[in-house]
Amino acid sequence: MKPVYVIGHKHPDVDSIASAISYKVYKQSTDKGLYIAAAAGELNDETRFILNQLEFEDPLPIENVGTKVEDLLDEQDNVYVHADMSMVELGNLMRKNKLKTVPVLDEDKGFLGLVTIGDVAMIYMDALGDGRAIDRSPEIIRGILDQKVADIMRTRDLVLFERDETADEAKKNMLSTRFRNYPVVDEKNRFVGMISRYNLLEMKRKKIILVDHNEKSQAVDGIDEAEIIEIVDHHRVGDLQTMAPIYFRNEPVGSTCTLVAGLFLENNIYVNRNLAGLMLSGIMSDTMMFKSPTTTPRDRQIAEELERLSGLESMKWGREIFSSVNQVDKQTDDELIAQDLKEYVSGSTVFAISQVETMDMAPYRERRQALVEAMQNMCVRRGYAFMGLMITDILEAGTELVAAGVKSSLVKQVFGDSGTGEDGIFLKGVMSRKKQVVPIIYEALRKDNII
Ligand SMILES: [Mn+2]
């Protein structure tokens, strides 16, 4: 069965991972099908801490959701034969299953070769020749039937695919060869199935459910080739397009986990202690322990329910989560600015806003100059007009905004340089990237373009 991947944004934060895992559980208990929770990037420290404490497996890491050879595999059961099988058995099997091509495998499913119906026919035709030896035909046929698959299988000039090759590469290869079916192997040459020219015509896209984002620039690579079947999110509506109508749940609440937990509760679906803890983690992390202005009464209400179900005390658990973050000295400047970075596009301007949350600003302030330099370099490398780093103090409920890049003056213009430092602006009460920073920048860029 083809799986559906539930996946959050790149540079995944706690909410992204927690909502992917919990929404996967929700789908699994309400819908038919196979669902897999995935991660579009490395897990951060808080997420690792939470998954560890609550005993969850890591989501499947996925770098690219573009169509791969494995997505084109034939759905039906794969029939194969062993090299020591007799021609009689082979003939029976091919007739019974109406096969045109059969792979030959060893005991470990290692791929050895192929037998095609054309090859089998040729053996009979060659042996019977021009028909002059017709009176000897019982003998000739017996000779053929005595042969083994090993004697007749084709091992040379085959076109094989690996499961993680892109569908585009496979397509090119298939168009330049003339076979009907092609075997697919894994990296250890073990047979995983067949693909046919026919599969190529109806390109099978990976099925994806997006959680905690809906903008292309934040989505896993290859998203254009995938089929988005649902979105559950709490961010502004961005630029993704879908072929068909989809289930799109977007509400302005503090975390995606609030929405997912809401679904469990509304539909009276059982939530175990750990799952309740996981969703509570998403809420506490995204709302910065209810201090972020994105926090809504709904987040608090759902968090209360989850406290009850998980046995965790939300503020205490929140402090544990945030103190597991402070690995600041272990991270390089590049790691620090890339850890929770989001890209945005406005017309031809691409910019990025990064955010770290902390209970202690001092180590960040000490490194500010080095961070600015790393940001300058990142702007050049990735073509950002500017980027901002929000160093958010959860206890103080405020953010130091550091900007870099060619157009960084725009950031200083809109947020006002309070004079606390050359590149940093302290913004009291600002905690939310999506509510208090990004919209203001968009508005400024819009005006900038008009004027
Ligand atoms: Mn979120």
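Residues numbered from 1 in each chain as written. Predicted model: local features only at pLDDT ≥ 70, side-chain atom pairs only at ≥ 80, totals over all residues. Heavy atoms only, no water.

1. A closer look at the pairing of strand β13 (residues 341-346)
Line of reasoning, step 1. Sheet analysis places β13 next to strand β14 (residues 349-358), joined by 6 bridges and oriented antiparallel. Bridge pairing links Ser346 to Thr349 in β14.
Line of reasoning, step 2. Here β13 folds back onto β14, and the loop between the two strands holds 2 residues, one of which, Gly347, carries a positive phi near 60°. (Pairing = 2+ DSSP bridges. Helix = DSSP H or I, 4+ residues; strand = E, 2+ residues; numbered from the N terminus.)

2. A short note on the domain arrangement of the protein chain
Line of reasoning, step 1. Along its sequence, the protein chain is organised into domain 1 (3-66 + 206-323), domain 2 (71-200) and domain 3 (333-450).
Line of reasoning, step 2. Of note, the centres of domain 1 and domain 2, computed from C-alpha atoms alone, are 46 Å apart. (Domains from an automatic or database assignment.)

3. Things to note about the packing of helix α1 (residues 14-30) against helix α10 (residues 273-286)
Line of reasoning, step 1. Orientation of α1 relative to α10, taken along the N-to-C sense of each, is 150°, at an axis distance of 8 Å. As summarised for this structure, α1 and α10 are arranged roughly antiparallel, according to the angle between their axes. Here the hand of the crossing between α1 and α10 comes out left-handed. Listed contacts from α10 to Val14, Asp15, Ala18, Ile21, Ser22 and Val25 of α1 are Leu275, Leu278, Met279, Ser281, Gly282, Ser285 and Asp286.
Line of reasoning, step 2. For the contact of α1 with α10, the per-class residue count stands at 7 nonpolar, 4 polar and 2 charged. (Axes fitted to C-alpha atoms, helices over the stretch in contact; angles between N-to-C directions. Parallel < 35°, antiparallel > 145°, perpendicular 65-115°, else oblique. Left-handed = near helix turned anticlockwise from the far one by under 90°. Contact = heavy atoms within 4.5 Å. Nonpolar A, V, L, I, M, F, W, Y, C, P; charged D, E, K, R; others polar.)

4. Describing unusual backbone geometry
Line of reasoning, step 1. Here Asp157, not a glycine, exhibits a phi torsion of approximately 55°, which is positive.
Line of reasoning, step 2. Assessed through its relative accessible area of 70%, Asp157 is described here as exposed. (Buried < 20%, exposed > 50% of the residue type's maximum accessible area, 1.4 Å probe, protein only.)

5. Quick word on the sheet that holds strand β4 (residues 81-82)
Line of reasoning, step 1. Strand order across the open sheet formed by 3 strands is β4-β5-β6, with mixed pairing between neighbours. A single partner strand is all that each edge strand has here, and the edge strands are β4 and β6 (111-116).
Line of reasoning, step 2. In terms of strand pairing, β4 meets strand β5 (residues 101-105) through 2 bridges, oriented parallel. From the neighbouring strand, Val81 faces β5, where its bridge partner is Val104.

6. As for the side chain of Arg368
Line of reasoning, step 1. Tracing the sequence through the fold places Arg368 in helix α15 (residues 368-382).
Line of reasoning, step 2. In terms of polar contacts, Arg368 uses its side chain to reach the side chain of Glu400, at 2.4 Å. (Polar contact = N/O pair within 3.5 Å; in protein donor to acceptor, adjacent residues only side chain to side chain.)

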